[in-house]
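Letter by letter, the chains look like this.
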Amino acid sequence: MNLNNASYVKGVVRLREKPKPSYPEVVVIGRSNVGKSSLINAVLNRKNLAKTSSTPGKTRLINYFHVDHQLYLVDLPGYGYLSKKDSDSKTWDQLLGNFILKNHQLKLVLLLIDSRHPDLQSDAYTITWLRDNHIPFIIILTKCDKLSGNQFKNRQQKINSTFPDIRIIPFSSRTKTGRSDIIGLLEQTASGS
Ligand code: GTP
Ligand code: MG
């Protein structure tokens, strides 16, 4: 898969607006500001393909990026920000929930969790929700450049002890730690294995 052949396709708010043709989809979710858009840029080696911001709530649409016309990487709005700020947050949560549950092209969810704050209630809720709904997912611990090796191990162990069967990938969009693991996942997904 040629990662240099990637571009923004469109932003949607509901399933029926999804781009054509259909490809397998890897969907990136997590609280606002956790580094979802930065991960997409780091993986695709592009500075500003997905818009990032230090202000939470930058991504407001479900944004589709194609990778080599074989796969879509999908950038979702962060859940924490939307629930707090929007008066119609329920509608948003339902939209995102629906998008995940009813999206037959969805092959894998990357659940991003900030490695500095791994025990937040909203993340635990999401893990349980994904599990209960049998959605395939992997946890990506982001911004691992901000912790020392030992600190990071502690955080990882904490999640591991609560959810021992879930794969966890350490990641940093600054240092590119974990990038090759994620590329491996994208390649597997594109080839259907
Ligand atoms: P929303 O679109 O609001 O949901 O946020 P997001 O999850 O897409 O986060 P985004 O990628 O916009 O990053 C938020 C902030 O975190 C930005 O200021 C990034 O520069 C910073 N950031 C993202 N990834 C990393 C990382 O790996 N290391 C460090 N140190 N900072 C990061
Ligand atoms: Mg974003």
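Draft legend 1. Inspection of the environment of Glu25 at higher detail. Take Glu25: it is sitting in strand β2 (residues 25-30). Once residues within four sequence positions are removed from consideration, Glu25 is found in contact with Lys18, Tyr64, Tyr72, Val74, Phe99, Asn103, Gln105, Leu106, Lys107 and Leu108.

Draft legend 2. Just the pattern of salt bridges, in detail. Taken as a whole and judged by the stated rule, the model has 6 salt bridges. Arg31 is paired through a salt bridge with Asp123; the nearest N and O atoms lie 3.8 Å apart. Placement of the pair is Arg31 in the loop between β2 and α1 (36-43) and Asp123 in helix α4 (residues 121-132), with a sequence separation of 92 residues. Between Asp114 and Arg116 there is a salt bridge whose closest N-O contact spans 2.8 Å. Residue classification places Asp114 among the buried positions, given a relative accessible area of 4%. Take Arg116: its relative accessible area is 26%, and that puts it in the partly exposed class.

Draft legend 3. Layout of the packing of α1 against helix α6 (residues 179-191). Where α1 meets α6, the closest approach of the two axes is 10 Å, and the angle between their N-to-C directions is 85°. Between α1 and α6, the crossing angle belongs to the class labelled roughly perpendicular. Of the residues in α6, those touching α1 at Leu39, Ala42 and Val43 are Arg179, Ile182, Ile183 and Leu186. Of the residues in the contact of α1 with α6, the class split is 6 nonpolar, no polar and 1 charged.

Draft legend 4. Layout of the environment of Arg131. Relative to the helices and strands, Arg131 is located in helix α4. Considered as a pair, Arg131 and Ile166 are 35 residues apart in the sequence and their alpha carbons are 10.0 Å apart. Sequence-distant contacts of Arg131, defined by excluding residues within four places in its chain, comprise Phe137, Phe163, Asp165 and Ile166.

Draft legend 5. Structural detail: the packing of aromatic side chains. With the rule as written, the count across this model stands at 4 aromatic pairs. Ring centres of Tyr64 and Tyr72 lie 5.2 Å apart, and the angle between their planes is 85°; on these two criteria the pair is classed as edge-to-face. Relative accessible area serves as the criterion here: at 0%, Tyr64 is assigned to the buried category. Of the residues examined, Tyr72 reaches a relative accessible area of 2% and is grouped as buried. Ring centres of Tyr64 and Phe99 lie 6.5 Å apart, and the angle between their planes is 75°; on these two criteria the pair is classed as edge-to-face. Of the two residues, Tyr64 is situated in strand β3 (residues 62-67) and Phe99 in helix α3 (residues 89-101); the sequence distance between them amounts to 35 residues. On the basis of relative accessible area, Phe99 is assigned to the buried category, the value being 2%.

Draft legend 6. Examining α1 more closely. For α1, the tally of buried residues reaches 7 of 8 residues, placing the bulk of the element in the interior. Taken residue by residue, α1 has Lys36, Ser37, Leu39, Ile40, Asn41, Ala42 and Val43 as its buried positions. Buried residues in α1 make contact with β2, β3, β4 (71-75), β5 (106-114), β6 (137-142) and α6. Directly beyond the C-terminal end of α1, a positive phi value near 60° is found at Asn45.

The rules behind each value
Residues numbered from 1 in each chain as written. Chains lettered and ligands numbered in written order. Predicted model: local features only at pLDDT ≥ 70, side-chain atom pairs only at ≥ 80, totals over all residues. Heavy atoms only, no water. Helix = DSSP H or I, 4+ residues; strand = E, 2+ residues; numbered from the N terminus. Contact = heavy atoms within 4.5 Å. Salt bridge = Lys/Arg side-chain N within 4 Å of Asp/Glu carboxyl O. Buried < 20%, exposed > 50% of the residue type's maximum accessible area, 1.4 Å probe, protein only. Axes fitted to C-alpha atoms, helices over the stretch in contact; angles between N-to-C directions. Parallel < 35°, antiparallel > 145°, perpendicular 65-115°, else oblique. Nonpolar A, V, L, I, M, F, W, Y, C, P; charged D, E, K, R; others polar. Phe/Tyr/Trp six-rings, centres within 6.5 Å; stacked < 30°, edge-to-face > 60°.

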